[in-house]
Structure formats: C-alpha cells, structure tokens
Amino acid sequence: MDTKTAKRTQNVANKTERITGSEAIIRCLIEEGVDILYGYPGGAIMPVYDELYKFRNEIHHVLTRHEQGAAHSAQGYARISGKVGVAMATSGPGATNLVTGIADAQIDSTPIVCITGQVFSHLLGSDAFQETDIVGISTPVTKWNHQITKASEIPEVLAKAFYVAKSGRPGPVLIDITKDAQLGELDFKYEKCTGVRSYNPTPKVDIQAVKAAAELINAAKKPMIVWGQGVILGQAENELKAVIEKSGVPAAWTIMGASAIPTSHPLNVGMVGMHGNYAPNKLTNECDVLIAIGMRFDDRVTGDLNTYAKQAKIIHFDIDPAEIDKNVKTDVAVLGDSKESLALLLEELNANNHTEWLEEFKKLYAIELEKVIKDDISPTKEGLTMGEVIKQINSETAGNAAIVSDVGQHQMIACRYSEFNVSKSNITSGGLGTMGFALPAAIGAKMAAPNREVVAIIGDGGYQMNIQELGTIFQQKVPVKIVVLNNEFLGMVRQWQQLFFDKRYASTEMTNPDFVTIAKGYHIEGKRVTKREELADAVKDMIASKDSYFLEVCVEKEDNVFPMIPAGASVSDIRLS
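Heads up: these notes are all about the structure in this document. Positions within a chain are numbered from 1, following the residues in the order the chain's sequence is written. Local features in this predicted model are restricted to residues of pLDDT 70 or higher, and side-chain atom pairs are both shown and tallied only at a pLDDT of 80 or more, whereas totals for entire chains, interfaces and linings draw on every residue. Processing note: side-chain calculations cover all non-hydrogen atoms of the structure and skip hydrogens and water entirely.

Within the protein, the secondary structure is distributed over 24 helices and 20 strands. If one aligns the C-alpha atoms of the protein with their principal axes, the spans along those axes are about 85 × 60 × 40 Å. Taken over 577 residues, the protein has a buried fraction of 58%. Residues are treated as being in contact if the distance between any of their heavy atoms lies within 4.5 Å. Counting contacts in the protein only where the partners sit at least 6 residues apart, residues at least 24 apart contribute 77% of the total. Accessible area of the protein: about 23,300 Å², with a carbon and sulfur share of 50%. When the 58 basic and 71 acidic side-chain charges of the protein are each reduced to a single mean position, those positions are 2 Å apart. Numbering of helices and strands runs from the N terminus; a helix is a DSSP stretch of H or I covering at least four residues, while a strand is a stretch of E covering at least two. Relative accessibility decides the category of a residue: with a 1.4 Å probe and only protein chains considered, values under 20% of the type maximum give buried, values over 50% give exposed, and everything between is partly exposed. All accessible areas in this document rest on Shrake-Rupley with a 1.4 Å probe, and a residue is counted as covered only by the protein chains that are shown. Think of it this way: Lys and Arg go in the positive column, Asp and Glu in the negative one, and His and the chain ends go nowhere. Charge coordinates come from a single atom per side chain, which is NZ of Lys, CZ of Arg, CG of Asp or CD of Glu.

Dropping the structure here:
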C-alpha cells in the first residue's frame, strides 16, 4: 500500500477528509449551524469567499456596504435570535472597520464571531499591503481572539471561538487567519467544543447564598428589583416573572433588560437610569433591599456611587464574578446562571405583597405622568414629538414589534415609551452608545426573525453614519421599517449644551439631505410627515407594507428628554424639567 492510499484509509477510519483551510472554515460554520453570514470581501479573505460561493445554498452571505455594518448586523441577528452572529472581513481596513461593532458587542455581552483574513504568515510584521495587527488592536474589546497561521488549527480554534462567544456571559470573539492557512490543506474533522481548560463560564450556584438572599427579601419592608440583560441572555424571563409575582416586589429595568417582562405587568415600575422613570430612580434611595439581577451597576444607572442606595442591603445575582463589588458593594452575591439561581430563589421566597410600598411608586408615576409623559405622548404644542410617534407605532403593532434604536434622544424616548409584550424586543446600543448601530442591526434582526415586525427608530444624525446600508436592504430585500425622527440637531448633545453650556450649540445643528429621495434611490418606498394629522395614516401605511419602508417624521427641534439625572449627580436629584 502506498503512502497516499494508507493516509486516505486512515482518514476514512478517523472520519477525516483532506480539504483546504478555506473550505474548512466554511464547513466549521455549517457545523455550528450558521445560516447567515455578514461580510465584505477583499484580497486577504478571498480564498474563503471562493469556497463560500460553492456553499452558497447552505450559508447565505449578506454583502453589507461597510464592515461596521456587518458587525452590527451580526449583533442584531444575535440579539433577537439568541444565536451567535457571524461577520467576516479582509485584513487591514476591513478588519479595523469591524472594531466598533466588536467593542459594542463586548460591552453589551453580544455573542458574535468575527473572522478576518490576514497577509501570508511570512509577511507578518513587515508592514505588507493591508497588514494590520488586528489581534493586538482587538484584544481590549474581545472576550477572546486568536491568529491562525496553519490550516490544521482551523477546526479546533473555530470550535473554541463559538463556545467562548456563547457560553457564560456572552461576548465577541475574533479569529484572524493568514492567507497561507486558508490555502493550505488539512485532514478535516470537526468536534464541537464543550469546555476549555481553566475557563469556568457558569459558576455553580451556592444554595447558601440563595438562602441568605431569600432571607433578606422575605424580611424586607421596601424591597426593589432592578433587572438587566442577564435575564434575557439566561432565558430566565419566566423565572423572573415568577419571583416578582410570588414576592410582590416592584421591579424596574435597565435599557438592556427591557422587554424581559411585559411593559404592562402591574409590578413593572419602569426604567432606571439617566432618562429613566421618576419613581424607580427616586425610590432606589429609599428601598431597604435592592435586588440586582443580571445588571452591572453602570454609571448611567447609578449616578453618584457615593449616594447610591446607601440605606439598602444589596443583593446581586450575576454570572460574571468580575461584576460583583466592581461598582457597588454587595451584602449577598449569588453567582451563576440566572435561570438556575432564580428558580432556586423562588423555592425559598415567602408569598408576599408590598401594597403600601407599591403605592409610593404609583404616586411618583402620577407626578411624572402629569409633568412629563402627557406632554411627550399627547402634546398640545404645535410641533410633533418623538413620544407621540412611538405611541402611534405601539398602536399599530400592539406591542409585539422588535424596536431597534440608535443612540440619542430618540433612543431614550423609544425605550421609555415602547410597549413590549415579547422578550428580545428592545435592541439598542447600550454600553458603548454607538451612533449608526440601528440600521444595520435592524437588518440582522429582521433576517433572524422574518416573522416579526422590526422597526428601526433612528435620529437624523445616527442615520447618516451608516445610511449606505440602505443598499443592503435593497439588494437583500429585507422588509425592515425605518423611522427617522428628524429634529435637525444632534439632539442629545444639543440638550446638554442647552442645560449645561448656556445654549452654545457648537457643531450640533444639521443641514440634512432629502431623506425620502435617498430612500427612493434605493427603491425603498418613503414618506415625510410634518403635521400631526398625517402621522396616524403614515404609520399605518408603513406597518401594513410587506416591503421595506422609510418614514421621516419632522419633530420639534429643541425638545428635551426628561426626566434626567445630571451626569455625576445622585439618582435622588432626578429632574422633571
């Protein structure tokens, strides 16, 4: 038997196959269940795209118009599906254009795998054409990254990439693959990764810590829950609802946690944070036990840490040990998966209600309703408000739409006033605050959930940061609904300039193009609304459309978003005007 025949016989016995590194990459993706891939080709990744062409019936590649758009689309896909999103780009500028999306995914715990091409390994460090040290650049903003220089490494590394991205607290992974590794051959055999040495993504829940937490909650007179995205990532929505209903504890949410519990739930007391609701922010500093679930005590939630909930016992449920005591000192920490830990907590809780305490929330809500909410959603002023646009979208979608918002005033209004009946319905850039996020993220969300209505809510500033992705919508025929709330300002910056910089509107007023004409240039139907009497029919037509649709609503130029906690102030200092 000659050497080649012997090797072939051995490969068959081991269920391996001799293929190129490029084909191995595609086969790995298929093994991981990847059905949609967002990317942009170039020289250093071309061998992979050549193989992708051969597998085009198994993986649908979406050509975005910018690599940042690919990363954000992968995020939108991941956020609404719960699966790992995948983006691919070439070396150099292609790779660096992914970085903003990767950083966004890191701080918002979104599982994506980014694959980048790289120059031949013998050229590494030589400043070759389109060579960039993307591993070095992305190290601070990835959960894990790795450079592959040999074809034989591909199956094991990619299996690990998907495992790391989706296990424990999810996050982005970047795999950089040199061109010789793509062109080289290997004996292909794929085994999914089920563990990595010294990596413990899901800590074992300490039942004694759960009992200690339950003891504090059972004895509390004024307990309050604040939940974050950890509930959604842990698929613990039902467990959270059961805990809230059994304990009778009023529960508030961070913007990343929005939609885990329906907006209409009687114990859902609203949003915390800089532009959150008046009652949960104020009463944070009056509760006696604060139960934080799957949230990280971000500065936009806590305000001045020196005054944050100092009167309360703090219970913190989280999967990531790094978050415990990072910002707020806890009295009881429960590490572990939220679904498991909340199920155990439920068993230890006494059935209870906190009627008098809940009345305190209702009283403060009534104040906010009178001083803020009515003017936002049922205004008497001549100009349109962002709030009444969201109210109209709620009316047409019955609270079942996925709302994908960008960053700015419209984001806060969308989070405050959108009605959510279904989990994974609020998709926004929370931690990084990335303008330009919404349009490509909405593409990914709609492609992952084609049977759901997906509405992108965007400001005129953020819209123009990735407006080129209209080309992706047109080419892919993605029936996403796009709403631009146009106030001809970088609205949130202008609000700060008005309140804290004596109305010096430095570089925030915008002269905008004809957005409807631009949409029509991409064969997307569009309409511009300037009057209140036009709004209801325009939103109705948009939602009724079976295709993509663009709606521009011209809103009040200098409206502000309230309530507001000034930067660095206490949550008790929340302003209603």
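Two strands in a sheet stick together by hydrogen bonds in their backbones, pointing the same way (parallel) or opposite ways (antiparallel). Strand order in the open sheet formed by 6 strands is 11-10-9-12-13-14, with parallel pairing between adjacent strands. Edge positions in the open sheet fall to strand 11 (268-271) and strand 14 (332-335), since each of these has one partner strand only. When strand polarity is set aside, the average angle formed by the axes of neighbouring strands in this sheet is 20°. A pair of strands counts as paired when DSSP detects no fewer than two bridges linking them. The convention used is that axes are lines fitted to C-alpha atoms, helices contributing only their stretch in contact, and that angles between N-to-C directions extend from 0 to 180 degrees.

To qualify as a nonpolar core, a set must consist of buried Ala, Val, Leu, Ile, Met, Phe, Trp, Tyr and Cys residues joined through side-chain atoms within 4.5 Å. Ranked by size, the top nonpolar core spans 97 residues in total, and within it Trp227, Leu290, Leu345 and Val553 carry the most contacts. When residues of this core are assigned to their parent elements, the largest contribution, 6 residues, is made by helix 16 (residues 355-377). Domain delimitation follows an automatic or database domain assignment. A domain split of this core shows at least three residues from each of domain 2 (207-361) and domain 3 (378-554). For Leu345, the residues in contact, after removing those within four places along its chain, are Val210, Ala213, Ala214, Ile217, Val243 and Phe317.

Pairing is parallel in the open sheet, where 6 strands are placed in the order 16-15-17-18-20-19. The two strands at the open ends of the sheet, each matched to only one other strand, are strand 16 (426-428) and strand 19 (525-529). Taken pair by pair, the neighbouring strands of this sheet meet at an average axis angle of 20°, ignoring direction. Bridge analysis of strand 17 (residues 454-459) against strand 18 (residues 481-486) gives 5 bridges, and the strand direction is parallel. Across the sheet, residue Ala456 finds its bridge partner in strand 18, namely Ile482. Helix-sheet contacts for helix 4 (residues 67-81) involve strand 15 (402-405) and strand 16, and the interaxial angle to strand 16 is about 155°.

Here we take up the side chain of Glu552. Mapped onto the elements of the fold, Glu552 is located in strand 20 (residues 549-554). At 3.3 Å, the side chain of Glu552 and the side chain of Arg528 are in polar contact. Filtering out sequence-adjacent residues up to four positions away, Glu552 remains in contact with Val484, Asn486, Phe515, Val516, Lys527, Arg528 and Val529. Polar contact is defined as a pair of N or O atoms within 3.5 Å, subject to the rule that within protein one atom must be able to donate a hydrogen and the other to accept it, and that residues adjacent in sequence are counted only when both atoms are side-chain atoms.

Looking now at the pairing of strand 2 (residues 36-39). Side chains Ile36 and Tyr38 of strand 2 all project onto a buried face; the interleaved residues Leu37 and Gly39 project onto the opposite face, where all are buried too. Bridge count between strand 2 and strand 4 (residues 85-89): 2 bridges; the pairing is parallel. When the bridges of strand 4 are listed, Tyr38 appears paired with Ala87.

Moving on to helix 8 (residues 154-166). A rise of 1.5 Å per residue sets the reference length of helix 8, with its 13 residues, at 18 Å; its end C-alpha atoms lie 19 Å apart and thus fit the reference within 8%. The buried fraction of helix 8 is high, at 10 of 13 residues. Taken residue by residue, helix 8 has Ile154, Pro155, Val157, Leu158, Ala159, Ala161, Phe162, Tyr163, Val164 and Ala165 as its buried positions. Looking one or two residues past helix 8, Gly168 carries a phi angle of roughly 55°, positive in sign. One less than the number of residues in a helix, times 1.5 Å, gives the span that helix is expected to have.

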